[in-house]
Amino acid sequence: MVNRIACFQVFSSLGGRSAVGSVSETLLEETMQGDRLVLSGRGAWLAVAAHDLEATIESLIKKYPSVKTVAIDMSQVERLDTFGAWLLERLVRAFTRDGSKAEVTGLKDDYRALTEEVRKVKLEDIPPRTHGQTLAYALNAIGENIAAIGQSFAAMVNMLGALVVALVRVLSRPRSFRLTSMIHQLDNVAWRAVPIVLLITFLIGCIIAQQGLFHFRKFGADVYVVDMVGILVLRELGVLIVCIMVAGRSGSAYTAELGSMKMREEIDALRTMGFDPIEVLILPRVLALIIGVPILTFLGSMAALYGGGLVCWLYGGIDPDIFLSRLKEAIALNTFQVGMIKAPFMALVIGVVASVEGLAVKGSAESLGRQTTASVVESIFLVIVMDGIFAIFFASIGM
Amino acid sequence: MAQASSNGQREVVIEARGIVVGFGSHIVLDHTDLDVYRGEILGFVGGSGAGKSVLMRTIIGLIPKRAGTIKVFGVNMGEASDVERRAVERRWGVLFQQGALFSSLTVMENLQFPVREYLDLSQRLLDDLAVAKLEMVGLDASVCNKFPSELSGGMTKRVALARALALDPEIVFLDEPTSGLDPIGAGDFDTLIATLQRTLGLTVFMVTHDLDSLHTVCDRIAVLAEGKVIAAGPMDTMLKSEHPWLKSYFRGKRSRAGYQPQGKAVT
Ligand SMILES: Nc1ncnc2c1ncn2[C@@H]1O[C@H](COP(=O)(O)OP(=O)(O)OP(=O)(O)O)[C@@H](O)[C@H]1O
Ligand SMILES: [Mg+2]
């Protein structure tokens with residue numbers, strides 16, 4: 001009731017083209033004449049009154065289940081729109097279905113075309129909404145998800161293969177390579193990401209050093225903080241932080257770009273013009289990532305070491321000279337190499353996942369959002385898994 | 001203006017005066033005036049890029065104007081409060097050039113969306129009405145559960161029209177409703193618009209390039225060129241005009257007059 005009143009207030013403020021009846025006005029009056037039911041409509045049968053009218057009609061249908069003839073007099077109805085016309089039709093249908101005779105009289109000529117139109121409506125063929133069983137639905141969802149994981153893995157392997165083919169083709173005729181596109185992507189992915197990557201890795205370096213100092217000090221092992229910062233940053237954290245940021249920043253952008261191009265049939269258009277979308281769109285993007293991520297990793301690692309050194313000096317009282325000489329002892333070239341070797345592989349993973357998800361976008365805006373989320377989540381997950389695999393690999397070759 | 005004199009006392013539902021709209025230094029509409037009368041079907045024509053869609057969007061309030069006033073149902077849209085504006089918006093329906101169906105809702109949900117927002121109706125009535133509207137625009141209930149991306153171009157147009165009509169509006173704005181439809185479908189569409197106009201007392205503002213629509217359903221035609229409405233009036237006036245653009249548009253090779261030079265309309 002409350003929202004109905006609110007609704008009437010809205011419409012009374014509309015200053016509509018006709019007087020909308022007050023809430024209490026009856027829209028349909030009933031009288032029994034022998035075994036004949038006479039219904040006379042009144043007022044405006046418009047959208048705003050549809051709620052009340054429907055209730056009235058439904059109660060009438062229930063009240064007279066076995067009446068022989070029904071006469072509906074519409075001469076007092078001042079206005080009628082599709083809502084009213086449909087409810088009139090529903091009334092007629094309900095009575096005729098139960099075997100009674102229903103007759104509509106007095107309808108204004110203007111509205112005849114509308115009621116004719118509504119009479120043609122067939123409701124039988126509304127496809128039923130599918131309501132599966134809850135358990136079946138749950139099992140179904142699990143199965144579908146597992147299948148989807150398998151499919152997306154296959155799609156990634158496919159994409160990797162297609163990228164290699166495209167690369168080989170480009171290498172055989174280097175003039176066809178989209179250098180401009182790659183430079184543009186490099187600008188987006190690497191150059192514009194530098195400030196935020198520097199800032200975040202710097203802060204992470206500071207935090208690690210501070211935490212290390214705080215805890216190591218209890219054992220009088222302050223100076224080993226330098227070892228910890230050096231190894232952690234160069235081997236693991238630098239590349240991981242950068243990859244997670246790139247996945248969130250550029251991977252999602254790739255997916256959204258490719259996805260909306262897919263939605264608007266731009267990718268199909270490319271294909272029909274004889275271009276390979278992988279070569280034109282995806283290869284430059286993935287190569288830009290493969291070039292950009294190692295650069296960002298290098299810059300990020302340096303910023304983190306700088307942050308660590310700064311905290312050691314200001315908070316831990318370790319002079320920069322000592323920090324540097326300690327760092328020289330703690331790390332070797334291969335510590336740095338381990339981080340840098342991982343970077344391009346992780347970039348490749350991010351690029352492949354982003355492209356696969358982008359091309360998986362279907363027609364709707366919702367699916368674009370879903371695939372973009374999936375792209376970021378999957379690439380971060382895979383980057384971490386790869387990191388674990390690399391850790392095992394480097395341990396076994398003693399690096 | 002020409003259109004004012006030919007239509008004596010009829011009520012003006014849309015009154016645009018001195019509209020200026022531009023993008024950067026590119027002035028698209030330059031002091032455009034236009035009247036739309038209650039209950040008429042106005043065909044709005046002009047070359048590609050003349051600014052027809054821009055004028056339509058300006059009236060609806062999607063594009064800001066640099067100067068001029070727009071009154072819809074006598075409400076000055078530039079000065080109206082939010083509540084007044086909402087009230088006016090409830091009384092019009094819009095069919096965009098690209099359909100603009102909500103891609104993540106099914107056809108059924110697309111049709112019910114505006115109704116649910118403004119009226120408090122039972123689910124059953126919502127479903128019934130959605131199907132009724134679909135059938136009115138020449139589709140059937142089998143498309144109910146499809147998503148917009150699964151529809152053909154013509155089906156998209158029809159569903160978009162059904163959505164524009166969902167609340168039984170008093171004015172509908174149609175941006176090229178028949179483009180992309182087969183001639184039979186386009187003809188049906190015209191008949192449908194004429195029927196709806198008759199039954200619901202609709203005022204129709206229709207941007208179109210379809211000369212058949214202009215001939216068969218439009219009561220009046222307004223022509224936009226060089227940022228101004230250069231002519232407005234019934235088809236006969238257009239056919240008689242000696243303005244070079246109008247001549248080539250209405251009496252060119254592709255027009256009916258072009259096909260049948262002795263046609264009665266040509267003088
Ligand atoms: N958002 C926008 N930004 C810049 N310019 C625009 C924008 N929208 C339209 N224009 C320009 O305004 C002009 C009129 O465009 P409009 O879409 O109104 O054309 P139209 O008359 O509807 O043509 P058509 O019949 O091809 O649909 C065009 O020159 C177009 O380039
Ligand atoms: Mg247009």
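The paragraphs below set out a description of the structure included in this document. (Residues numbered from 1 in each chain as written. Chains lettered and ligands numbered in written order. Predicted model: local features only at pLDDT ≥ 70, side-chain atom pairs only at ≥ 80, totals over all residues. Heavy atoms only, no water.)

1. Some words on the sheet that holds strand E6 (residues 101-105) of chain A
Residue and element names in this part refer to chain A.
Link 1 in the chain: Pairing is mixed in the open sheet, where four strands are placed in the order E1-E2-E4-E6. With one partner strand each, in any of the chains shown, strand E1 (28-33) and E6 form the two edges of the open sheet. Taken pair by pair, the neighbouring strands of this sheet meet at an average axis angle of 20°, ignoring direction.
Link 2 in the chain: When strand E2 (residues 36-41) meets strand E4 (residues 69-73), the two strands line up parallel, connected through five bridges. Along E4, the bridge assignment pairs Leu39 with Ile72.
Link 3 in the chain: Sitting on the sheet, helix H2 (residues 50-63) touches E1 and E2, and the angle it makes with E1 is about 20°.
Link 4 in the chain: Contacts from helix H3 (residues 82-97) reach E1, E2, E4 and E6 within the one sheet, and its direction differs from that of E6 by about 155°. (Pairing = 2+ DSSP bridges. Helix = DSSP H or I, 4+ residues; strand = E, 2+ residues; numbered from the N terminus. Axes fitted to C-alpha atoms, helices over the stretch in contact; angles between N-to-C directions. Contact = heavy atoms within 4.5 Å.)

2. Considering the interface of chain B and chain A
Link 1 in the chain: At the junction of the two partners, chain B supplies 37 residues and chain A supplies 37 residues.
Link 2 in the chain: Across the chain B to chain A interface the summed buried area is about 3,200 Å²; carbon plus sulfur atoms make up 59%.
Link 3 in the chain: Three residues, Asp120, Met136 and Thr199 of chain B, lead the burial of chain B against chain A; their summed loss comes to 16% of the area buried on that side.
Link 4 in the chain: Across the salt bridge formed by Glu58 of chain A and Arg124 of chain B, the nearest N and O atoms sit 3.3 Å from each other.
Link 5 in the chain: The interface formed by chain B and chain A holds seven residue pairs in polar contact (both at pLDDT 80 or more) in total.
Link 6 in the chain: Where the side of chain B that touches chain A is concerned, the elements lending two or more residues are helix H4 (107-118), helix H5 (123-136) and helix H7 (183-200) of chain B.
Link 7 in the chain: Here the element with the most residues in the side of chain B that touches chain A is H5 of chain B; it accounts for 11 residues.
Link 8 in the chain: Grouping the amino acids of the side of chain B that touches chain A by side-chain chemistry returns 16 nonpolar, 10 polar and 11 charged. (Buried area = accessible area lost by both parts, 1.4 Å probe. Salt bridge = Lys/Arg side-chain N within 4 Å of Asp/Glu carboxyl O. Polar contact = N/O pair within 3.5 Å; in protein donor to acceptor, adjacent residues only side chain to side chain. Nonpolar A, V, L, I, M, F, W, Y, C, P; charged D, E, K, R; others polar.)

3. Overview of the pattern of salt bridges
One side chain can pair with another of opposite charge once the charged atoms of both are near each other.
Link 1 in the chain: On inspection of all chains with the given rule, the structure shows 27 salt bridges over all chains.
Link 2 in the chain: The shortest N-O distance in the salt bridge between Arg90 of chain A and Glu58 of chain A comes to 3.0 Å. Placement of the pair is Arg90 of chain A in helix H3 and Glu58 of chain A in helix H2, with a sequence separation of 32 residues.
Link 3 in the chain: Between Arg326 of chain A and Asp227 of chain A there is a salt bridge whose closest N-O contact spans 2.9 Å. One end of the pair, Arg326 of chain A, is in helix H11 (residues 320-330); the other, Asp227 of chain A, is in helix H8 (residues 224-263), with 99 residues separating them in the sequence.
Link 4 in the chain: By sharing partners, the salt bridges in this structure join Glu54, Glu58 and Arg90 of chain A together with Arg124 and Asp128 of chain B into a single network.

4. Focus: the packing of aromatic side chains
Link 1 in the chain: The final tally for this structure, using the stated rule, is nine aromatic pairs over all chains.
Link 2 in the chain: Arranged with centres 6.0 Å apart and planes meeting at 80°, the rings of Phe298 of chain A and Phe336 of chain A form a pair that is edge-to-face. Within this pair, whereas Phe298 of chain A is found in helix H10 (residues 277-314), its partner Phe336 of chain A is found in helix H12 (residues 333-359), the two being separated by 38 residues in sequence.
Link 3 in the chain: Note on Phe298 of chain A: relative accessible area 36%, which makes it partly exposed.
Link 4 in the chain: The class for Phe336 of chain A is partly exposed, based on a relative accessible area of 25%.
Link 5 in the chain: A network of ring pairs unites the aromatic residues Phe345, Phe390, Phe393 and Phe394 of chain A as a single cluster.
Link 6 in the chain: The side chain of Arg91 of chain B reaches across the aromatic face of Phe73 of chain B, ending 3.9 Å from its centre.
Link 7 in the chain: A cation over an aromatic ring shows up here: Arg163 of chain B above the ring of Phe102 of chain B, its NZ or CZ 4.5 Å from the ring centre. (Phe/Tyr/Trp six-rings, centres within 6.5 Å; stacked < 30°, edge-to-face > 60°. Buried < 20%, exposed > 50% of the residue type's maximum accessible area, 1.4 Å probe, protein only. Lys NZ or Arg CZ within 6 Å of the ring centre and 35° of its normal.)

5. Description of the pairing of E4 of chain A
Link 1 in the chain: Relative to E6 of chain A, E4 of chain A is paired through five bridges, and the arrangement is parallel. If you follow Asp73 of chain A over to E6 of chain A, its bridge partner there is Thr105 of chain A.

6. Comments concerning the side chain of Asp128 of chain B
Link 1 in the chain: Position of Asp128 of chain B among the secondary structure elements: in helix H5.
Link 2 in the chain: At 3.3 Å, the side chain of Asp128 of chain B and the side chain of Trp86 of chain A are in polar contact.
Link 3 in the chain: Contacts of Asp128 of chain B, omitting those with residues within four sequence positions, involve Trp86, Arg90 and Leu123 of chain A.

7. Topic: H10 of chain A
All names here are of chain A.
Link 1 in the chain: Here H10 contains 38 residues, and its C-alpha end-to-end distance of 53 Å stays within 8% of the 56 Å for a straight helix at 1.5 Å per residue.
Link 2 in the chain: Approximately 35° is the largest bend angle found in H10, and it occurs at Leu283, with the proline Pro284 only one to four residues beyond.
Link 3 in the chain: Across the 38 residues that make up H10, a large majority, 28, are buried. (Expected span 1.5 Å × (residues − 1). Bend = angle between axes of the 7 residues up to and from the residue.)

8. Some words on the packing of helix H5 (residues 134-172) of chain A against H12 of chain A
All names here are of chain A.
Link 1 in the chain: The interhelical angle for the contact between H5 and H12, taken along N-to-C directions, is 110°, at an axis separation of 9 Å. Considered as vectors, H5 and H12 are oriented roughly perpendicular to each other. Between H5 and H12, the contacting residues are Ala155, Met156, Met159, Leu160 and Leu163 on the first element and Leu348, Val352, Val353, Ser355, Val356 and Leu359 on the second.
Link 2 in the chain: Classifying every residue of the contact of H5 with H12 gives 10 nonpolar, one polar and no charged. (Parallel < 35°, antiparallel > 145°, perpendicular 65-115°, else oblique.)

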